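Secondary and tertiary structure notes
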Amino acid sequence: MKKGRTVSTPAMRPGIDVSPGPRFLAREALGALIDALRGQGSSVIGPTVRDGAIAYEPIDGPDALPAGWHAEQAPGRYSMQHGGSPRQFAWANGPQALKPLLFAPRESLWRSARDATGRLAFEPVLPAVRPLAVLGARACDLAALALHDAHFMPAQAVDPHYAARRAAMFIVAIDCSHPADTCFCASTGDGPDARAGFDVALAELDEGFVARSGSERGAALFDGLHLPPASADQIQAAAAEVQAARLSQRRHLPSRDLQAALTARLDHPRWNEVATRCLACGNCVAVCPTCFCSREAEHATLEADRAEHLREWDSCFTAAHGFMHGTQVRPDVRTRYRQWLTHKLATWHAQYGRSGCVGCGRCISWCPVGIDLTAEVAALLEDAP
Amino acid sequence: MMATARHDPAGRALPMPATVLERVDEAPGIFTLRVQLDDSVQRRDYRFASGQFNMLGLFGVGEVAISIVSDPAEPELIGHTIRALGRVTSGLAQLQPGDAVGVRGPFGRGWPLERIVGRNVLVVTGGLGCTPVVGVINYILMRRSQFGRLVVVQGVKHAQDLIWRERYAYWRTLPRTEVWLAADVGAPLWPGHVGRVTELFDRIDITPDMAVLLCGPEIMMITAIRQLLARGVAPESIELSMERNMQCGHGVCGHCQIGPHFVCRDGPVFAYPAIADWLGRKGF
């Protein structure tokens, strides 16, 4: 639905409070931005190179950023190279989205205690939340964040764990200028430029950043940094980079609602074919910024009178996911892959009003056998009008 | 405590301590626990509808989704009929009066009684553990004058699987109440039909005005629905209770999805037209 947007200057983007207009942040001033975020009491999380990949980690200053690094991605492949560029954000996403910062991979929901008479008491375990500023969030991950907001914070049933972390998060987005070969956010309408859901968004140029604010907190941060207005040339250059990034994307998903088309093909032979390649390892789920399944588990402690109730990320590729008192709803890889893909691209529309795919391409890069969901969809829809 | 109290007015995110007041052994491996919430305020505020379920927790072991079989007019005593099958239910089977459990709930959509009241009601259940309909049958029988005919059709695999034989015999004695039994495998003195539960439909006076409540294996429900629609029952008059893996109880953990539906939140009782597209789709 967002596909086909014309490229606009940042000042024309809808839904963003741009007053008083884009500013310019010199590269040398990035440290001052990080200091300002820390001055607000936030821990700053930013991209850094860890184990040969970009990861979001606590950073002290701009030196931790992956200056000069590029990441090559292809189905089943992720490889980092260092070049001579001064740019700190000239890479597409690594395996980790914002997801683990808000939806913890493993956390305690409550503790229970049993007293001498056998009576139970339950105590909620809420996360000890510190204000967190994320530097370098990508458009795809912001779109995923909006989907998780809808899932974890519906008005009638707010998840207190997610909500507490969410309220304490300040987001500095970075427009994506170097999409990977696996990226297709332009086709899902979610990128490559950050459109909503940020406090500040930056567009990287060689000499620094065109900065726009997306919230009052973001605007206040600009005021504190005394940033000069960005020049028309800088704004133009940033828009051109976004446009180039958009055009460089080779993969795509059909932008229309695939609900009817995919649910009409639940018995398509392609599901059998992909099941011969899929290892059901769940890597795609782990790196997907929108996958939200979790399992719950009770952990008894060594003291027999205390126990803890945990929730941890789960995957619809596991046998336990579809287990139901002695029967198995999804007994084979075919039905598990189909569940994953049809939930993401079809039934998600009914649940949350849009597709559950934001075009980040992680499931393609991090699939050990290089299954490409855009290719799978194309094969499934081959006979479609 | 404050944050959870604010987000969780209904005891959904945090279990409520409760105590087993009564235990009834219904059949080998099948038992009923009647539990009461320990906290007087929680006890006073707790309300449920027939067809809803609780997450019943065993200390140090885990939780399991169990439908509520007791009468919603007496929400202070919560009845659960359980079959000892897995880790948690086998542990719950050890409980005796005075033992403690955790209760989260109630969750989900129950039987839409407002759409059933005043009508002739057909209840079709198959297999063991069809407790979701026991609660609503009792509900109707306790308010007999508010409903028309009540026809209960119960199928089991083996004749000896039938629990509550006396209860069925008693129901049969009540006015405008019929009970039909079927077992795939019969036994000496089996009072019912030997064969599929849906084979009984030819012998029952099924009228198009009936409200139908279904619970049991999906293949049984699909067969029943096909026959009921052929007999002129309206699709929107058919309600069915679905079952899936449930862990959180309120549409977060993702296990119970059938297509776009979160069974724990949008169900477990669905109007047939709402779930028709996904019913019987293997793998969902």
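Values in this document were obtained by computation on a predicted structure and should not be read as measured data. (Residues numbered from 1 in each chain as written. Chains lettered and ligands numbered in written order. Predicted model: local features only at pLDDT ≥ 70, side-chain atom pairs only at ≥ 80, totals over all residues.)

1. Examining the sheet that holds strand β15 (residues 269-271) of chain B
Residues and elements named next belong to chain B. On the basis of which strands lie adjacent, the open sheet formed by seven strands has the order β10-β9-β8-β7-β11-β12-β15 and mixed pairing. Pairing within the sheet leaves two strands with one partner each, and these edge strands are β10 (193-194) and β15. As judged from the four bridges shared by strand β11 (residues 211-215) and strand β12 (residues 238-241), these two strands associate in the parallel manner. Within β12, the position partnered with V212 by the bridge is I238. Strands β8 (150-158) and β9 (177-185) of the sheet are contacted by helix α5 (residues 165-172), whose axis makes an angle of about 145° with β9. (Pairing = 2+ DSSP bridges. Helix = DSSP H or I, 4+ residues; strand = E, 2+ residues; numbered from the N terminus. Contact = placed C-beta atoms within 7 Å. Axes fitted to C-alpha atoms, helices over the stretch in contact; angles between N-to-C directions.)

2. Re the domain arrangement of chain B
Residues and elements named next belong to chain B. As far as domains go, chain B holds domain 1 (9-107) and domain 2 (113-275). On a C-alpha basis, the centres of domain 1 and domain 2 stand 22 Å from each other. For the side of domain 1 that touches domain 2, the secondary-structure elements that each account for two or more residues are β1 (16-27), β3 (53-58), β4 (62-67), β5 (78-83) and β6 (100-107). Across the side of domain 1 that touches domain 2, the residue classes tally to nine nonpolar, six polar and five charged. (Domains from an automatic or database assignment. Nonpolar A, V, L, I, M, F, W, Y, C, P; charged D, E, K, R; others polar.)

3. Observations regarding the interface of chain A and chain B
Taken together, the contact between chain A and chain B spans 40 residues of the former and 35 residues of the latter. Contributions of two or more residues to the side of chain A that touches chain B are made by β6 (106-114), β7 (120-124), β12 (294-300), β14 (323-324) and α11 (333-352) of chain A. Per element, the largest residue contribution to the side of chain A that touches chain B is seven residues, and it comes from α11(A). Among the residues forming the side of chain A that touches chain B, the class breakdown is 20 nonpolar, twelve polar and eight charged.

4. Comments concerning the confidence of the model for chain A
Put simply, chain A has an average pLDDT of 92, and 94% of its residues get 70 or more. Taken together, the stretch residues 1-18 of chain A has pLDDT below 50 and engages in 30 contacts with residues farther than four places along the chain or on a different chain. (pLDDT = per-residue confidence, 0-100.)

5. Side note on helix α6 (residues 216-225) of chain A
Residues and elements named next belong to chain A. Looking at α6, one finds that the buried residues are G218, L221 and F222. Buried residues of α6 fall within an arc of 100° about the axis and therefore sit on the same side. Of the residues in α6, the exposed ones pointing more than 90 degrees away from the buried face are E216 and D223. On its buried face, α6 sits against β1 (23-26), α1 (30-39), β10 (200-205) and β11 (208-213). Two residues or fewer after α6 comes H226, characterised by a positive phi angle close to 50°. (Buried ≥ 20, exposed ≤ 12 C-beta atoms within 10 Å, placed from the backbone. Arc of directions from axis to C-beta.)

6. Some words on the confidence of the model for chain B
Residue and element names in this part refer to chain B. The share of residues in chain B with pLDDT of 70 or more is 96%, and the mean pLDDT across the chain is 91. Confidence drops under a pLDDT of 50 for residues 1-7, and excluding neighbours within four residues, the segment shows ten contacts in the predicted structure. Listed scores for the predicted complex are pTM 0.92 and ipTM 0.91.

7. Examining the pairing of β1(A)
Residues and elements named next belong to chain A. Burial of β1 is one-sided: the residues R23 and L25 facing one way are buried, the residues F24 and A26 facing the other way are not. Sheet topology places β1 next to β11; four bridges connect them, and they run antiparallel. Following the sheet pairing, R23 is matched in β11 by A211.

8. Considerations on the sheet that holds strand β13 (residues 306-313) of chain A
All names here are of chain A. What the four strands build is an open sheet, ordered β7-β6-β13-β12; its pairing is antiparallel. In this open sheet, the two edge strands, each paired with only one partner strand, are β7 and β12. On average, each strand axis in the sheet is tilted by 25° relative to the strand beside it, whichever way the strands run.

9. A few points about the nonpolar core
Counting 96 residues, the largest nonpolar core has A:V134, A:V172, A:A173, A:F198 and A:L202 as its most contacted members. The element that contributes the greatest number of residues to this core is helix α3 (residues 139-152) of chain A, accounting for eight residues. Aside from chain neighbours lying at most four places away, what touches A:A173 is A:A137, A:A139, A:L142, A:A194, A:F198, A:A201 and A:L202. A:L109, B:L58, B:C215 and B:F284 belong to the second largest nonpolar core, which has 88 residues in total. (Core = buried A, V, L, I, M, F, W, Y, C linked by C-beta atoms within 7 Å.)

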